[in-house]
Amino acid sequence: MSGQGFGVVRPLPGNGLVAYVGGLLLVCDAGEAAADGLLEALRETAASGGDGRALARRAAQVLAANMAGDPATCAVAGPVGTGVAVLVSGSAAASVSTSGGETRLAGSDSLTWADRLISGPVERVELTLPGAGSPHPAVGFDGGVVHGGGLIGDLTDQPFQARPQGQAPAQSRPLTSEMPNTALHMEPDLAPPPERPVERPPYPLADQPPLVQGASSGPQGGLPHSGAHPGPPPLEQPPFGQEQPPFGHEQPPYGHEQPPFGHEQPPFGHEQPPFGHDSQPPYLPPHEQPHPEPQQQFPSYDELPPPGTGMADQQQHMGPPEHFDQPAPPVLGPPEHYDHPGPPPQQQEQGDHGDRPLVYGVDCKNDHFNDPRVPYCAVCGIALVQRTLVPYKGPRPSLGVLILDDGTALPLESDYLLGRDPERAPEVAGGSARPAKVTSPDGSVSRRHLRVALDGWDVNLVDLGSVNGTQIQPPGDPNFYDIPPNEPVTIAPGTTVRVGVSRTLRFEAHRG
């Protein structure tokens, strides 16, 4: 069957209608009101040299015109390049085997019909009606319309051909590889800084076991492999208790005039004028100290004694008393978080961002958060001097809006799934995308047609194997370009998107 698109075709026993014309397949319940219209669509598509995509489009139009009752039980398939386009409705089913596995479609999975463009190379296609039997190995089908319950096309013995030999279909639209380059350029100095490893203290914390270094490609703080003793602290500070100079020997004296404490320091009061103008007794050794008399204790140095005791003025001149028998309190400063370093100040201020993802961006002089690759602020339009801006992580604002041809606006704050029946899609059921219902009178929009996926500051389109495909028209370009199925394509602001045959939408990025 070199002149046909499905190799060896075998009918399955059954009570329906099966047709094989011009390399295109059709199975249908013989009692359906749409049966005659489907057969006519098959013959017209084959006569005009149409492929599986054109057949699926014509079949969808027939089914849309006969939706008064339950969906018609039928299935069609036709080659598209090295792949195949399939449409199933009602109780019909389809199975397509490729080198990558098997894809099954059932009309009962959709409220109307299900269609899919499956990439090749295709090895086997099977369309079945309820109650179909098994094929006989000696029975082949050269073409026409007969009674049966289904069709099997086997392409394992010869290459898959979408057209008769010598009649390659013309490319109606250029591919995305022929598009002009519209990608945005990231300046090297604006690239997001690499993630810094978490620095651990040189000693184990009270509520944390000692950290043992493992095989690592970069330097990390922690303990040696034994984990018995803490490792050395940073080089700026010598290890505690090891070769540390005595207090006062190698350090500058306090106040630049007072000798180091505890070394050649004269007794307090002998060679140094007493504090408070002879208001305190001279210093005595500890064994000659008299027993202190009970004195009034004050809660803090910030509270002065009661008037009349003569100590209020004395404390104002003296300052807080010096306790020689206790170490001085440490100098308070900003806390150092060794185990969990906090985010930079800009990121800490962005704590309340809800479910919006964090992305690297820059602020204009009016504190509007922007894509670091753009030359002007998207809100106020002020110029962004790139080399004076420091990127930081903050909650991503809305990237703009998708405006459909009927006026519906979809704010780009999360992913969307567009199609004829998006509520039943697994992406919507799983919560990773919002549904956006898009229908067309010609039936060219698939049940699960297009996903709008946000990645950082980019808006990507992913055609989900729709039969009639998705095309984009870049800003300033008069041509539409097919996007490949199941591959993300980034679009720029001002891009027009065609979904199926007749529905369009436009990407606008203005936030101001």
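This one's a predicted model, so the numbers in the text were calculated from it and none came from an experiment.

Rules used in this analysis
Residues numbered from 1 in each chain as written. Predicted model: local features only at pLDDT ≥ 70, side-chain atom pairs only at ≥ 80, totals over all residues. Heavy atoms only, no water. Helix = DSSP H or I, 4+ residues; strand = E, 2+ residues; numbered from the N terminus. Buried < 20%, exposed > 50% of the residue type's maximum accessible area, 1.4 Å probe, protein only. Contact = heavy atoms within 4.5 Å. Pairing = 2+ DSSP bridges. Axes fitted to C-alpha atoms, helices over the stretch in contact; angles between N-to-C directions. Disulfide = S-S within 2.5 Å. Expected span 1.5 Å × (residues − 1). Arc of directions from axis to C-beta. Phe/Tyr/Trp six-rings, centres within 6.5 Å; stacked < 30°, edge-to-face > 60°. Polar contact = N/O pair within 3.5 Å; in protein donor to acceptor, adjacent residues only side chain to side chain. pLDDT = per-residue confidence, 0-100. Core = buried A, V, L, I, M, F, W, Y, C linked by side-chain atoms within 4.5 Å. Salt bridge = Lys/Arg side-chain N within 4 Å of Asp/Glu carboxyl O. Parallel < 35°, antiparallel > 145°, perpendicular 65-115°, else oblique. Left-handed = near helix turned anticlockwise from the far one by under 90°. Nonpolar A, V, L, I, M, F, W, Y, C, P; charged D, E, K, R; others polar.

Participant: How should the overall build of the protein chain be read in this particular structure?
Facilitator: Secondary structure assignment for the protein chain yields five helices and 23 strands. Counting the 512 residues in the protein chain, one finds 35% classified as buried. A fraction of 59% describes how many contacts in the protein chain between residues 6 or more apart in sequence connect residues 24 or more apart.

Participant: Honestly, the environment of Val390 in this entry has me stumped. Any pointers?
Facilitator: Of note, Val390 is situated in the loop between strand S11 (369–370) and strand S12 (392–395). Residue classification places Val390 among the exposed residues on the basis of a relative accessible area of 59%.

Participant: Help me understand the sheet that holds S11 in this model?
Facilitator: Adjacent strands of a sheet pair through backbone hydrogen bonds, lying either parallel or antiparallel. Spatial strand order, S11-S10-S12: three strands in an open sheet with antiparallel pairing. The open sheet has two edge strands, S11 and S12, and neither has a second partner. Sheet topology note: the strand S10 (residues 358–363)/S12 ladder contains four bridges and is antiparallel. Looking at S12, one finds that Leu358 is bridged to Pro395.

Participant: Would you take a moment to explain the sheet that holds strand S7 (residues 113–118) for this structure?
Facilitator: Spatial strand order, S6-S5-S8-S9-S1-S2-S3-S4-S7: nine strands in an open sheet with antiparallel pairing. Edge positions in the sheet fall to strand S6 (101–106) and S7, since each of these pairs with one other strand and no more. Looking at each pair of strands side by side, their axes are set apart by 15° on average, direction ignored. As defined by bridge partners, strand S1 (residues 8–21) adjoins strand S9 (residues 144–154) across ten bridges and the pair is classed as antiparallel. Its bridge partner lying in S9, Val8 is registered against Asp154. Contacts between helix H2 (residues 52–65) and the sheet are confined to strand S2 (24–28), strand S3 (74–80), strand S4 (83–89) and S7, with S3 contributing the most and set at about 155° to the helix.

Participant: Even after reading the chapter, I still don't get unusual backbone geometry, so can you show me in this structure?
Facilitator: Most peptide bonds take the trans form, and the phi angle of most residues other than glycine is negative. A cis amide bond links Gly120 with the next residue in sequence, Pro121, at an omega value of 5°. You can see Pro121 is positioned in the loop between S7 and strand S8 (122–128). The phi dihedral of Asp367 is positive, around 65°, even though this residue is not glycine. For Asp367, the location among the structural elements is in the loop between S10 and S11.

Participant: Can you help me understand the state of the cysteines in this one?
Facilitator: One covalent bond between the sulfur atoms of two cysteine residues makes up a disulfide. Evaluated as defined, the whole model comprises zero disulfides. There is no disulfide at Cys364, and the cysteine sulfur nearest it, in Cys377, is 3.7 Å away. Under the relative-accessibility criterion, Cys364 is labelled buried at 5%.

Participant: Help me understand helix H1 (residues 35–47), please; the structure alone is not making it clear to me.
Facilitator: Working note: α-helix, 3.6 residues per turn, so residues spaced by three or four point in the same direction. Over its 13 residues, H1 runs 18 Å from end to end, which matches the ideal 18 Å to within 8%, given 1.5 Å per residue. Among all positions in H1, only Ala35, Leu38, Leu39, Ala41, Leu42 and Thr45 are buried. Buried residues along H1 cover an arc of 160° about the axis, so they all sit on one side. Seen from the buried face of H1, the exposed residues on the opposite side, beyond 90 degrees, are Asp36 and Ala47. Buried residues along H1 sit in contact with S1, S2, H2, S3 and S9.

Participant: So what exactly am I meant to see when it comes to the packing of aromatic side chains here?
Facilitator: One pair of aromatic rings is described through two measures. These are the centre distance and the angle between the planes. Enumeration over the complete set of coordinates arrives at three aromatic pairs. Ring geometry for Tyr20 and Phe141: centres 6.3 Å apart, planes at 45°, overall tilted. In this pair, Tyr20 is assigned in strand S1 and Phe141 in the loop between S8 and S9, connecting sequence segments 121 residues apart. Here Tyr20 and Phe141 have matching classes, each one buried.

Participant: Can you help me understand the pairing of S8 in this one?
Facilitator: Consecutive residues of a regular strand have side chains that alternate between opposite faces of the sheet. Sheet topology places strand S5 (residues 93–98) next to S8; six bridges connect them, and they run antiparallel. Paired with Thr98 across the two strands is Val122, which belongs to S8.

Participant: Even after reading the chapter, I still don't get the side chain of Arg373, so can you show me in this structure?
Facilitator: Looking at where Arg373 falls in the secondary structure, it is placed in the loop between S11 and S12. Of note is the side chain of Arg373, whose polar atom sits 3.0 Å from the side chain of Asp371. A distance of 2.8 Å separates the side chain of Arg373 from the side chain of Asp458, its partner in a polar contact.

Participant: Would you take a moment to explain the confidence of the model for the protein chain for this structure?
Facilitator: Low pLDDT means the predicted atomic positions in that stretch should not be read closely. Residue-level pLDDT values for the protein chain average 74, and 60% of them are 70 or greater. Below a pLDDT of 50 lies the segment residues 211–235, which in the model reaches 34 contacts outside its immediate sequence neighbourhood of four places, other chains included.

Participant: What is the right way to read the environment of Leu404 from this model?
Facilitator: Tracing the chain through its elements places Leu404 in strand S13 (residues 401–404). Sequence separation between Leu404 and Thr496 is 92 residues, and the spatial gap between their C-alpha atoms is 9.7 Å. The contacts of Leu404, once residues within four sequence positions are left out, are Leu410, Val438, Arg503, Thr504 and Leu505.

Participant: What is the right way to read the nonpolar core from this model?
Facilitator: A general trend in soluble globular proteins is that nonpolar side chains are found buried together. Counting 27 residues, the largest nonpolar core has Leu412, Leu418, Val452, Val459, Leu461 and Val497 as the members making the most contacts within it. Listed by contribution, the elements that provide at least two residues to this core are S13, strand S15 (416–419), strand S17 (450–455), strand S18 (458–463), strand S21 (489–491), strand S22 (496–499) and strand S23 (503–508). If you tally residues by element for this core, the top one is S17, at three residues. Every residue in contact with Val452, bar those within four places of it in the chain, is listed here: Leu402, Leu412, Asp415, Tyr416, Leu418, Val459, Asn460 and Leu461. In terms of nonpolar packing, the next biggest core, distinct from the first, is built from 26 residues, Leu17, Leu38, Val80 and Leu117 among them.

Participant: What is the right way to look at the pattern of salt bridges in this model?
Facilitator: Oppositely charged side chains are able to pair whenever their charged atoms sit close together. The full count for this structure, using the stated rule, is eleven salt bridges. Measuring nitrogen to oxygen at the nearest pair gives 3.2 Å for the salt bridge that ties Arg104 to Glu102. What makes Arg104 exposed here is its relative accessible area of 62%. In this structure, Glu508 engages Arg506 in a salt bridge whose closest nitrogen and oxygen atoms are separated by 2.5 Å. Salt bridges sharing common partners tie together Asp371, Arg373 and Asp458.

Participant: Would you mind showing me how to read the packing of H1 against H2 here?
Facilitator: Relative orientation and spacing of two packed helices are given, respectively, by the angle between their axes and the distance between those axes. Packing of H1 against H2 leaves a shortest axis separation of 9 Å and a crossing angle of 155°. Taken together, the axes of H1 and H2 lie roughly antiparallel to each other. Crossing of H1 against H2: the hand is right-handed. On H2, the residues touching Gly37, Leu38, Ala41, Leu42, Glu44 and Thr45 of H1 are Ala54, Leu55, Arg58, Ala59 and Val62. Of the residues in the contact of H1 with H2, the class split is seven nonpolar, two polar and two charged.

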